[in-house]
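Next come the chains, spelled out residue by residue.
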Amino acid sequence: MKLTPKNYKNYAKLLDAYSQFSPSPLSIKKFIDFGLNACETKSYIFLRKELPVRLANIMKEIALLPENLLRMPSVHAVHEWYMTSFKEILEFEKMDEVSPRNLRHFCDSIVKIRNRHSDVVETMAQGVIELKESHDVDQQTEHSIQYFLDRFYMSRISIRMLINQHTLLFGGQLERAPGPTQSKYIGCIDPHCNLVSVIKDAYENARFLCDQYYLDSPELVIEQHEINELKPESDIRIVYVPSHLYHMLFELFKNSMRAVMEYHGQEQQYPPIHLTISKGNEDVCLKLSDRGGGIPRSLHDQLFKYMYSTAPQPSKSDAHTVPLAGYGYGLPISRLYARYFHGDLVIMSCEGYGTDAVIYMKALSNEANELLPIFNKTTSKFYRAGYPIGDWTNQATTLNTRQISIQCRKHQLPQSVQAL
Ligand SMILES: Nc1ncnc2c1ncn2[C@@H]1O[C@H](COP(=O)(O)OP(=O)(O)OP(=O)(O)O)[C@@H](O)[C@H]1O
Ligand SMILES: [Mg+2]
C-alpha cells in the first residue's frame, strides 16, 4: 500500500491521534496470566489498538531525525514499511464485528507485518552508514542517532514480543516455539527457564565460532548462589523469555572469548570464563568474568555505541559464515534486551586483567515490566537541543566526546541481529 500525497494528510492526522496515547507496558506476569486463559478475541481487541499506538509513538520520532538521515534511501524504505504496517493494522480498528474470519485475517496480517520488518535493524544501520559516507556527521547528529536507535530498536523488540505472543498462542505456531519441551512455554515465555541450560547453549554456540577462528577456546566455570541458601534449587530458574537471554549471553560469550584468545594468544592454556549466577529477592544476576586483558577506561563510553567495534571488518567473501565479532551491535542490542523487562546489562573492566559483564533480570515476574519509549515534548526537545557544553575542566578529552573512528562499513549484520 503506497502512500500517495492525497491520503498522506489523512495518515498524518491518524499518526498524531495515535501518538497521543502512551503505550501500555505489560509485565511478564501479565503475559503469562493472559496466556494461561488465552482468549483470542481479547488479545485481538488489545492489539488492534496497542500495536498502532506503539508504531505511532516511534514513527513520530522517525520524523524528528536529522533531515539528511531521513533522505537516505534505506531510512526512507524503513519509514515506508512502518507507514504501510500502521495503515494495515488500522483497518482492524474500523471493523465492528469480531468474527473467526477477522481473527484469522488479523493473525495473517501481523505475521505479514513481522516478515516485512524482519530486515529493519540492518536496513536502518545501512541508512546510518549511507549518511556517514555522504555527509560530515557532527556530534549532535551522532548523539541523536544513538538516542533514536536505542528507542527505535527497543520499540521493535516490544512490537515483536506482542506479535509473537499472539501468533504463538493463536496462530497454530506452537510447534515452532523454541526449546526442547515446547509445551511448557507460554508463547515465547518459559515459566521455568533453566538458566544453566540457556548458558550452556549460548556458550557452546559461541565456542563453536571461537574454535573456528582460533582453533581453541576458553573453558566455562559456572557457580550458583541463592539468597535463601536453606532451600537451594538444584538449578536456578526464572520466568523469562529464553531467546532474549540466549541473545545476551551469546553476545557476551563471543566478546569474552575473543578477548581471552587475543590476550593470551601465545599461550597453550587459556584462563576460563567464570559465570556466577545469583538469585536475590529483587534481582537475578548473571556475572560473566573473563581474563581477556580488559578495556581502557577511556573507551568505556564507546562500548554501547552502535557500530563501535575494535574487531576487523568481517570479510564479504565470508558472508555465509557467522563472524565472532565485527559489527559493534552486540553490546547495545543486548543491553536493550536486558532493559526491556526492567533489567540491565553493565560492563566493568580492569585494563590489564579482564572484564566483568553483569546481566540483571527482575526476580519477580510482576516487576518485570516492559520498558517502552514514549513520544512527548521531552522527546521532541531532545532532538532539537544542542549538544550539551561541558561544565568540567578538560571535559572535551575525558568525557563522552572522545571520538573513535567509526568505520563506515557496507556490511551485513550477523544473523543474531537480523533475527531481532
Ligand atoms: N569482554 C571484553 N573484553 C575486552 N573488550 C571487549 C569485551 N567486550 C566488548 N569489548 C570491546 O567492545 C567492543 C564492542 O563490543 P560489541 O559486542 O558491541 O561489538 P563487536 O564484538 O565488536 O561486534 P559484534 O556486533 O559482532 O558483537 C568490542 O569490539 C571490543 O573492543
Ligand atoms: Mg560482540
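Going by an unreviewed UniProt entry, the chain carries the name Protein-serine/threonine kinase and comes from Photinus pyralis. The UniProt entry for the chain carries the following comment under Sequence similarities (unreviewed entry): "Belongs to the PDK/BCKDK protein kinase family." Comment text from UniProt for the chain, heading Catalytic activity (unreviewed entry), reads "L-seryl-[pyruvate dehydrogenase E1 alpha subunit] + ATP = O-phospho-L-seryl-[pyruvate dehydrogenase E1 alpha subunit] + ADP + H(+)".

(A) Structural view of the overall build of the chain. Scanning the chain for helices and strands turns up 14 helices and seven strands. Long-range contacts, defined as pairs at least 24 residues apart, comprise 81% of the intrachain contacts of the chain with a sequence gap of at least 6.

(B) Representation of the pairing of strand β5 (residues 283–290) within the structure. Relative to β5, strand β4 (residues 273–279) runs antiparallel, the two being bridged by six bridges. Bridging across to β5, T276 finds its partner in K287. The antiparallel pairing of β4 with β5 creates a hairpin that spans three residues between the two strands. Pairing geometry for β5 and strand β7 (residues 354–362), over eight bridges, is antiparallel. Looking at the pairing, K287 lines up with V358 of β7.

(C) Fine view of the packing of helix α6 (residues 100–116) against helix α8 (residues 139–170). Close contact between α6 and α8 brings their axes to 10 Å; oriented N to C, the two are set at 135°. By the angle between their directions, the pair α6 and α8 is classed as oblique. The chirality of how α6 crosses α8 is left-handed. Seen from α6, the contacting residues are C107, I110, V111, I113 and R114; seen from α8, they are R160, I163, H166, T167 and F170. Its residues assigned to classes, the contact of α6 with α8 comprises six nonpolar, two polar and two charged.

(D) Spatial organisation of the sheet that holds β7. Read from one edge of the open sheet, five strands run β2-β4-β5-β7-β6, paired in mixed fashion. Looking along the sheet, the strands with just one partner apiece sit at the ends: β2 (220–226) and β6 (344–350). Across the sheet, the mean angle separating the axes of adjacent strands is 15° when strand polarity is ignored. Here β6 pairs with β7 via seven bridges, running antiparallel.

(E) Just the confidence of the model for the chain, in detail. Across the chain, the average pLDDT comes to 87, with 85% of residues at 70 or higher. Taken as a whole, residues 175–182 scores under 50 in pLDDT and shows 11 contacts with residues more than four places along the chain or in a different chain. Within the model, the stretch residues 397–419 combines pLDDT values under 50 with 43 contacts to residues more than four positions away or in other chains.

(F) Region of interest: helix α10 (residues 242–263). A rise of 1.5 Å per residue sets the reference length of α10, with its 22 residues, at 32 Å; its end C-alpha atoms lie 31 Å apart and thus fit the reference within 8%. By the criterion of burial, α10 is predominantly enclosed, with 18 of the 22 residues buried.

(G) Seen up close, unusual backbone geometry. You will see that L215, though not glycine, has its phi angle at about 60°, which is positive. With respect to the helices, strands and loops of the structure, L215 is situated in the loop between α9 (195–214) and β2. Note on L215: 8 C-beta atoms within 10 Å, which makes it exposed. The phi angle at H342 is positive, at roughly 60°, despite the residue not being glycine. Note on placement: H342 falls in the loop between α11 (330–340) and β6. The class of H342 is partly exposed, set by 17 C-beta atoms lying within 10 Å.

(H) Focus on the packing of helix α3 (residues 40–62) against helix α5 (residues 73–93). Where α3 meets α5, the closest approach of the two axes is 9 Å, and the angle between their N-to-C directions is 150°. One way to sum up the angle between α3 and α5 is to call them roughly antiparallel. Where α3 crosses over α5, the two elements pack in a sense that is left-handed. For the pair α3 and α5, contact is made by R48, K49, L51, P52, L55, A56, M59 and I62 and by H79, Y82, S85, F86, I89, L90, F92 and E93, respectively. Here the contact of α3 with α5 is built from residues that sort into 11 nonpolar, two polar and three charged.

(I) Quick peek at the environment of I295. Along the chain, I295 falls in the loop between β5 and α11. Judged by the 20 C-beta atoms lying within 10 Å of it, I295 is buried. Expressed as a C-alpha distance, the spacing of I295 and M348, which sit 53 residues apart in the sequence, is 8.8 Å. Filtering out sequence-adjacent residues up to four positions away, I295 remains in contact with H300, S349, E351 and T355.

(J) Structural view of the environment of A357. Looking at the element boundaries, A357 is found in strand β7. Between the C-alpha atom of A357 and that of F253, which follows or precedes it by 104 residues, the distance is 9.8 Å. When residues no more than four places from it in sequence are discounted, the contact partners of A357 are L252, L288, L345 and I347.

(K) Region of interest: the environment of S134. Note on placement: S134 falls in helix α7 (residues 120–134). On the basis of neighbour count, S134 is assigned to the exposed category, with 12 C-beta atoms found within 10 Å. A C-alpha to C-alpha distance of 9.4 Å links S134 and M72, two positions 62 residues apart in sequence.

Rules used throughout
Residues numbered from 1 in each chain as written. Chains lettered and ligands numbered in written order. Predicted model: local features only at pLDDT ≥ 70, side-chain atom pairs only at ≥ 80, totals over all residues. UniProt positions renumbered as here; feature names shortened; annotations may be inferred. Helix = DSSP H or I, 4+ residues; strand = E, 2+ residues; numbered from the N terminus. Contact = placed C-beta atoms within 7 Å. Pairing = 2+ DSSP bridges. Axes fitted to C-alpha atoms, helices over the stretch in contact; angles between N-to-C directions. Parallel < 35°, antiparallel > 145°, perpendicular 65-115°, else oblique. Left-handed = near helix turned anticlockwise from the far one by under 90°. Nonpolar A, V, L, I, M, F, W, Y, C, P; charged D, E, K, R; others polar. pLDDT = per-residue confidence, 0-100. Expected span 1.5 Å × (residues − 1). Buried ≥ 20, exposed ≤ 12 C-beta atoms within 10 Å, placed from the backbone.

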